[in-house]
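What follows is each chain in one-letter form.
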Amino acid sequence: MKTAPDIPISDIRAELNGRVIAAGDPGYDDARRVVFTGFDRRPSAIVRVADAGDVSRVVKLARETGAELAVRSGGHSRAGHGTSDGGIVLDLAGMNAFEIDGDGRTAWTQTGITAGDYTAAAGEHGLATGFGDAPTVGVGGLTLGGGVGFLTRKHGLTIDDLLAAEVVTADGELLKADADTHADLFWALRGGGGNFGVATRLQFRLHQIDEVVGGMLIFPASTEVISGLVHAAEAAPEELSVIANIIKAPPMPFLPAEQHGKVVVIALMVYAGSPEAGERAIAPIRGLATPLADMVRPIRYPEMYAGPEPPTPAFAAGTNILGHGLPAGAAEAILEHLQASAAPMAAVQLRVLGGAMRRVPEEATAFAHRKANLMMNLAAMYERPQERPEHEAWASSLGRALSDGTTTAAYVGFLGDEGEEGVRRAYPPATLERLARVKRRYDPENLFRLNLNVPPDVD
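Residues numbered from 1 in each chain as written. Predicted model: local features only at pLDDT ≥ 70, side-chain atom pairs only at ≥ 80, totals over all residues. Heavy atoms only, no water.

Chemist: Looking at this model, I keep getting lost on the overall build of the protein. Mind explaining?
Modeler: Along its length, the protein carries 14 helices and 19 strands. Relative to the 2.2 N^0.38 estimate, which gives 23 Å for 459 residues, the radius of gyration of the protein is 21 Å and therefore close to what a compact globule would have. Expressed along its principal axes, the backbone C-alpha trace of the protein runs to roughly 65 × 55 × 45 Å. Classification of the 459 residues of the protein by burial places 58% in the buried group. Intrachain contacts of the protein at a sequence separation of at least 6 include 74% that bridge at least 24 residues. On the protein, roughly 18100 Å² of surface is accessible, and the fraction owed to carbon and sulfur atoms is 50%. In the protein, the 42 positive side-chain charges and the 57 negative ones have mean positions that sit 1 Å from each other. (Helix = DSSP H or I, 4+ residues; strand = E, 2+ residues; numbered from the N terminus. Rg over C-alpha atoms; globule rule 2.2 N^0.38 Å. Buried < 20%, exposed > 50% of the residue type's maximum accessible area, 1.4 Å probe, protein only. Contact = heavy atoms within 4.5 Å. Areas by Shrake-Rupley, 256 points an atom, 1.4 Å probe, with all protein chains shown as cover. Lys, Arg positive; Asp, Glu negative; His and termini not counted. Charge placed at Lys NZ, Arg CZ, Asp CG, Glu CD.)

Next up, the structure:
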């Protein structure tokens, strides 16, 4: 790992419009934290950039000094890519301006805005762009990975609504990329992660979505409920997207006390259509078992992002799998592994895909796994680094059970530090070859390497 102890802190403070925070400055310890708090790294500087000019200066500084550069939008990387030991953290959180063209149904946004804040701002006009399911995730990082959430089956991935991007590349130049200008870069940005530059502004398409049928259904976990939920969600109209979390129930006040600690299925869902049609679409899922809690009702779409997220533990072991469906025996394996896990929190998340996402040609974007029907995310949250081997072994065992032991496709946005194997799971060979060509053109020295890295010389 390269470090740069000679980063000229006083010089860059004078040159930037944003704030530079170094060791010893007030707020340094808070500024260096990321969502997974176990990554206790000490950057030489955290730069809270104010505009694209600041981003360009920081990128040039990192290139000139050889400093490791960590680019942070929301800081949710499971691998801790939003921070660095001895390097520079380029923190986009202060760049959160949002501009909407309600008549044209488009929006320009800076990339430090969170999914929740964007959705609330667009929701004031009865409009929406589909992001993930967590309100505090930064729109920049989420979009560059692809974006899988509550509107995936109805309107596709987040990148399917991306119309243009403004990007600072490794030479410090600000480029606009769209279907006609720097089209190769625009293709790579849609699923290729942060390998190609720092996205400073993004232009999105907006959809007329105000009221939806949405919320949370909680069931006691069983093989019948898990399998039945996946099958019902796959058979549902495309207006319905379902994200199911299978987990030992935390002490939620609306759950009976005797259910606390038992494995439950928490199904989050959005039906982007009329209330009557939504009730019909959700009925087969409601009928799987007697719910422990039923909070699905007509709501305004931004309410899906309301409320705080639970505290995040220090570390998370796990992976994700993109597949054609739930393999035979998968429900049994999920229940067995969750019961056996010694982690303070272990979960399996199932996201049913298809619909609009599937209709985009595989070669159209760097996200190429368009035919996947199901995403399975496995995670064991833990507090001490010495526990990692135990929880990684748990995740590997469950991953083998859910993939029939074969090499599986993966979603880049939910991968951790999985190295070359993770890169090859995220990108089919033809996609990876094309990404490497774009990398050689825009970042030949691999300045942007704190990510699921596509090096310019990948074979």
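Chemist: Help me out: how do you make sense of unusual backbone geometry in this one?
Modeler: Negative phi is the rule for most residues except glycine; trans is the rule for most peptide bonds. Although it is not a glycine, Arg-105 sits at a positive phi angle of roughly 55°. In this structure Arg-105 comes out as partly exposed when scored by relative accessible area, which is 38%.

Chemist: So what exactly am I meant to see when it comes to the side chain of Asn-195 here?
Modeler: Residue position: Asn-195 is located in the loop between α7 (183-189) and β10 (198-205). Among the residues examined, Asn-195 registers a relative accessible area of 0% and is labelled buried. Not counting chain neighbours up to four residues away, the residues in contact with Asn-195 comprise Lys-439, Asp-443, Phe-448, Asn-451, Leu-452, Asn-453 and Val-454.

Chemist: I keep staring at the packing of aromatic side chains and nothing clicks. Help me out?
Modeler: For any pair of aromatic rings, the description rests on two quantities: the centre-to-centre distance and the angle between the ring planes. All told, the structure shown has ten aromatic pairs when counted by the stated rule. Ring centres of Phe-150 and Tyr-305 lie 5.9 Å apart, and the angle between their planes is 75°; this geometry places the pair in the edge-to-face category. With Phe-150 in the loop between α5 (139-145) and α6 (152-155) and Tyr-305 in the loop between β16 (297-300) and β17 (315-323), this residue pair connects regions lying 155 residues apart in the sequence. Residues Phe-150 and Tyr-305 agree in their burial class; the two are buried. Measuring from centroid to centroid gives 6.1 Å for Phe-367 and Tyr-411, while their planes differ by 65°, and the two rings are edge-to-face. One end of the pair, Phe-367, is in the loop between α11 (356-359) and β19 (374-382); the other, Tyr-411, is in the loop between α12 (388-403) and α13 (419-426), with 44 residues separating them in the sequence. Classification of Tyr-411 by relative accessible area gives buried; the value is 4%. Clustering of aromatic rings is evident, with ring pairs tying together Phe-98, Tyr-118, Phe-131 and Phe-204. One cation-aromatic arrangement involves Arg-434 over Trp-187; the distance from NZ or CZ to the ring centre is 3.9 Å. (Phe/Tyr/Trp six-rings, centres within 6.5 Å; stacked < 30°, edge-to-face > 60°. Lys NZ or Arg CZ within 6 Å of the ring centre and 35° of its normal.)

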